[in-house]
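Structure assessment
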Amino acid sequence: MPEQATEVTAAGIARLAGVGRAAVSNWRRRHADFPKPVGGTETSPSFALPEVEQWLRDQGKLAEVPLRERVWQQVAGHPEGAVTALTHTGCALLLVRDRPTAWLELTAVSDERMAGVLPHAMEEVLGARLGPDTEARARSGGPVPSGRAVAPVLTGSDTPAGRPADGSPAAGSPAGDAGSVHSPSAVHTARAVPTPSTDALLPSVPLLRAAAELAAGIGAGQTFEFLLGRQLDANPRQYTLTPPGLAELMAALAETGKDTVQPGGRRPVRSVLDPAAGTGTLLRAVAGPAELLAQEVDPALAALTALRLALHGDGSPRSTPARTVRGGDALRADAFPQLAADTVLCHPPFNDRNWGHDELAYDPRWEYGFPARTESELAWVQHALARLRTGGTAVLLMPPAAASRRSGRRIRADLLRRGALRAVIALPAGAAPPYGIPLHLWVLRKPGGELRPVPELLLVDTTDPVGPGTATGTQTSGGRDRPDWPAVHAAVLDAWRDRADHPGVSRVVPVIELLDDDVDLAPARHLPRPAAGGGAAGLEDVRERLADTLRLTADLTPPPAELSAPAHRPLTTVGELARAGALLLRTGTGTAPRTDTGTTPVLTEHDVLAGTAPSGTPAPPPTGAPGTPAPDDLVLLEPGDVVVPVLGAGSVARVVDEATAGAVLGRNLQLLRPDPAAIDPWFLAGFLRGTANHRQASSYASTAARLDARRLQLPRLPLAEQQRYGEQFRALAAFEDALRTAGRLGGQLVRGMYDGLTDGTVTPR
């Protein structure tokens, strides 16, 4: 094996070959010539990628490794780690995009020569996009301004005139009302992405060549998004992510109501700060021209965020506003101490007791009160306000406890009295980690100047969104990290623009009503949920619908069964039918294209189990660029398709009708598309639901069962006989749907009666 060859895990081998991890384990047991582990651990070994590729080709299991998989495996197997590989790749992709001719000249030489000349070329593009490397200049003896952060700005950028490079106001302009108690030496002034050295780049040269080849097909920005997305997916516990739907909502809240168009049709350049940037998702969601400023405590993540922002968009350095990214803790070592930004977006760390309580007791940022050790989120709220211009808007993601903890009531009260807190918005559970609780958004505006405090607070509750499906008790949320973002966006932005009362959704509460002993700002405390069925007035309609459904259920009840001896019929399996071309097997990913007219709905596992309409929203495409999913990942449903869940012990199969056709197949679902000339879809779905059939095709782990659809069995019957069975199965499915609807309506009627009797809108008879 060549020295420093790329290594791949069993999961990576499965992805290369398009199989499950169980298949890779079987290959290792059954094939003595399977490559031997070269690293990893006994429970999670790693293998040499070239040996694995050759073995897969020899076995006929792989014709050619997809380029994007090859690039990712090189990133994952980099000798210095995936983060270093991503940093080098991002620098190279900047060079590929901004100076393609220079890149072609560099790649025409040997790897050693290429590694020798790359640092100078990378420094040029990094300096143009992210500013000079002040630490490198200091090490080389060059001049470094003292007492002031040297912020990277773009040459000829649209930075507002009069603003120094660190983002602070010019002399004589209105600065932030709060400064910083930290000395300049405590502030991180270096560029987030240092220029890699020749020795560091040498092992990465093959990766950089492959990444440039991939960028030629999908673009430099999309290439970096794909690789970064794979890294985040591979290490879910290492990063706390902000979902794109939530980021777009926060950015829209910050922009709504602003004068966004100048005379002549141009949009002004705003300054937007994220002091806890993470992977930069919030700043990437900002619409229009904006100077983006970020700080991130993890230096490695700060470098990736800087490269991500620099590669976002395709503008030239002269036409793109500045992207300024700094490392360090924004509370302890603020990199922008004199900034007066137009907007602050922030997803701060939650429940952080080591936020600097002891050393920041006299910091002038605490205008609204010194936060308790347990109130780190309120420290971030005040930091955001301190970095805003007068009238600027901040939107922060907050845990629900921050709205009601007694230790923070004095700060909440002062935020209300001075008109700084404008709205508290409760989101559905699953909007962001931690997924089990409904998080809040706080919308703030910095008071001062001629702005008069607004004596009211907008409270919005979207934890139980009201939509067309709620009349029958269906849910619009798609589960973990899968809220119905279009519905949430519409409800929140409408409430924010109108600032009006909508029963069960929003209410404008006078501040004087909130200034009690608790100062509890949780929307659920002040917004009673709408009664089930639309209140007492709607209960009669629910009752009539329930009666109609019960009559339909009685009509659809199957006739008495005609018993017979067990039939002994020749059987075949779904796998054999797939190999013969009688049906097509596909696995769902939940990935769909995003169009200008909306988002394609996704049929989720919950929809199949509950018999409801598609309710999910698409996951981000594999390349990381919305609207460009890989063709193999896109599975659109057609009438007659049969969908079965992969996980769980229940026997369920759903035949796709005209109403469901066009939706995207969600995750943990398998699609069977029969040839109508050979297999009747209702016959197929009915026999797949047999309990014995389902049991023999399932494998069991310690906590769940997993269905292998290829092992499901069907009797060999003529098409006419299949259709006879199919009609019976179709009738059973209609009966089951009627029972399910009756159960939902019955539960809704019971809840409505309880609510009406307890709130006095219904009187007992």
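Rules and cut-offs
- Residues numbered from 1 in each chain as written.
- Predicted model: local features only at pLDDT ≥ 70, side-chain atom pairs only at ≥ 80, totals over all residues.
- Heavy atoms only, no water.
- Helix = DSSP H or I, 4+ residues; strand = E, 2+ residues; numbered from the N terminus.
- Buried < 20%, exposed > 50% of the residue type's maximum accessible area, 1.4 Å probe, protein only.
- Contact = heavy atoms within 4.5 Å.
- Areas by Shrake-Rupley, 256 points an atom, 1.4 Å probe, with all protein chains shown as cover.
- Phe/Tyr/Trp six-rings, centres within 6.5 Å; stacked < 30°, edge-to-face > 60°.
- Axes fitted to C-alpha atoms, helices over the stretch in contact; angles between N-to-C directions.
- Parallel < 35°, antiparallel > 145°, perpendicular 65-115°, else oblique.
- Nonpolar A, V, L, I, M, F, W, Y, C, P; charged D, E, K, R; others polar.
- Left-handed = near helix turned anticlockwise from the far one by under 90°.
- Expected span 1.5 Å × (residues − 1).
- Arc of directions from axis to C-beta.

Let us look at the overall build of the chain. Counting secondary structure elements, the chain contains 25 helices and 24 strands. Buried residues in the chain amount to 49% of all 765 residues. The long-range share in the chain, meaning contacts at least 24 apart out of those at least 6 apart in sequence, stands at 75%. As displayed, the chain has an accessible area near 35300 Å², and 52% of this comes from carbon and sulfur atoms.

The next thing to look at is the environment of Asp708. With respect to the secondary-structure elements, Asp708 resides in the loop between strand 23 (705-707) and strand 24 (713-715). The partly exposed category is assigned to Asp708, whose relative accessible area is 34%. As for Asp708 and Gly575, which are separated by 133 residues in sequence, their C-alpha atoms are 9.6 Å apart.

The geometry of two aromatic rings is summed up by the distance between their centres and the angle between their planes. Per the counting criterion, the structure on display carries 9 aromatic pairs. When the centroid spacing of 5.7 Å and the interplanar angle of 50 degrees are considered together, the rings of Trp27 and Trp55 count as tilted. Here Trp55 lies in helix 3 (residues 49-58) and Trp27 lies in helix 2 (residues 21-30), a separation of 28 residues in the sequence. Of the two residues, Trp27 and Trp55, neither departs from the other in class, the shared state being buried. An angle of 85 degrees between the planes, with centres 5.8 Å apart, marks the rings of Trp355 and Trp366 as edge-to-face. Of this pair, Trp355 sits in the loop between strand 7 (341-346) and helix 15 (376-386) while Trp366 sits in the loop between strand 7 and helix 15, and the two are 11 residues apart along the sequence. Ring pairs connect the aromatic residues Trp27, Phe34, Phe47 and Trp55, which therefore count as one cluster.

When two helices pack together, their arrangement is given by the angle between their axes and by how far apart the axes lie. For the pair helix 5 (residues 82-98) and helix 11 (residues 220-234), interaxial distance at closest approach is 9 Å and the crossing angle is 170 degrees. Here helix 5 lies roughly antiparallel to helix 11, going by the angle between them. Of the residues in helix 11, those touching helix 5 at Ala82, Val83, Leu86, Thr89, Gly90, Leu93 and Arg97 are Ala220, Thr223, Phe224, Leu227, Leu228 and Gln231. Of the residues contributing to the contact of helix 5 with helix 11, the split by class is 8 nonpolar, 4 polar and 1 charged.

For the pair helix 23 (residues 681-688) and helix 25 (residues 719-759), the least separation of the axes is 7 Å and the interaxial angle reads 65 degrees. Classified by the angle between their axes, helix 23 and helix 25 sit roughly perpendicular to one another. Our pair here, helix 23 against helix 25, has a crossing hand that is left-handed. Between helix 23 and helix 25, the contacting residues are Trp682, Phe683, Gly686 and Phe687 on the first element and Gln722, Tyr725, Gly726, Phe729, Arg730 and Ala733 on the second. Looking at side-chain class alone, the contact of helix 23 with helix 25 contains 6 nonpolar, 3 polar and 1 charged residues.

Note: α-helices contain 3.6 residues per turn, so residues at a spacing of three or four share the same orientation. In terms of burial, helix 1 (residues 10-17) is a largely internal element, 6 of the 8 residues being buried. Taken together, the buried positions of helix 1 are Ala10, Gly12, Ile13, Ala14, Leu16 and Ala17. Against strand 1 (7-9), helix 2, strand 3 (45-48), helix 3 and helix 4 (67-76) lie the buried residues of helix 1. With its phi angle positive at about 70 degrees, Gly18 sits one or two positions after the end of helix 1.

Compared with an ideal rise of 1.5 Å per residue, which puts 14 residues at 20 Å, helix 17 (residues 485-498) spans 20 Å between its outermost C-alpha atoms and is within 8% of the ideal. For helix 17, every residue scored as buried is listed here: Trp485, Val488, His489, Val492, Leu493, Ala495 and Trp496. Considered in projection along helix 17, the buried side chains sweep an arc of 160 degrees and stay on one side of the axis. The inward-facing, buried residues of helix 17 contact helix 12 (244-255), strand 9 (421-426), strand 10 (440-445), strand 11 (456-461) and strand 12 (506-510). Of the residues one or two after helix 17, Arg499 is the one with positive phi, at around 45 degrees.

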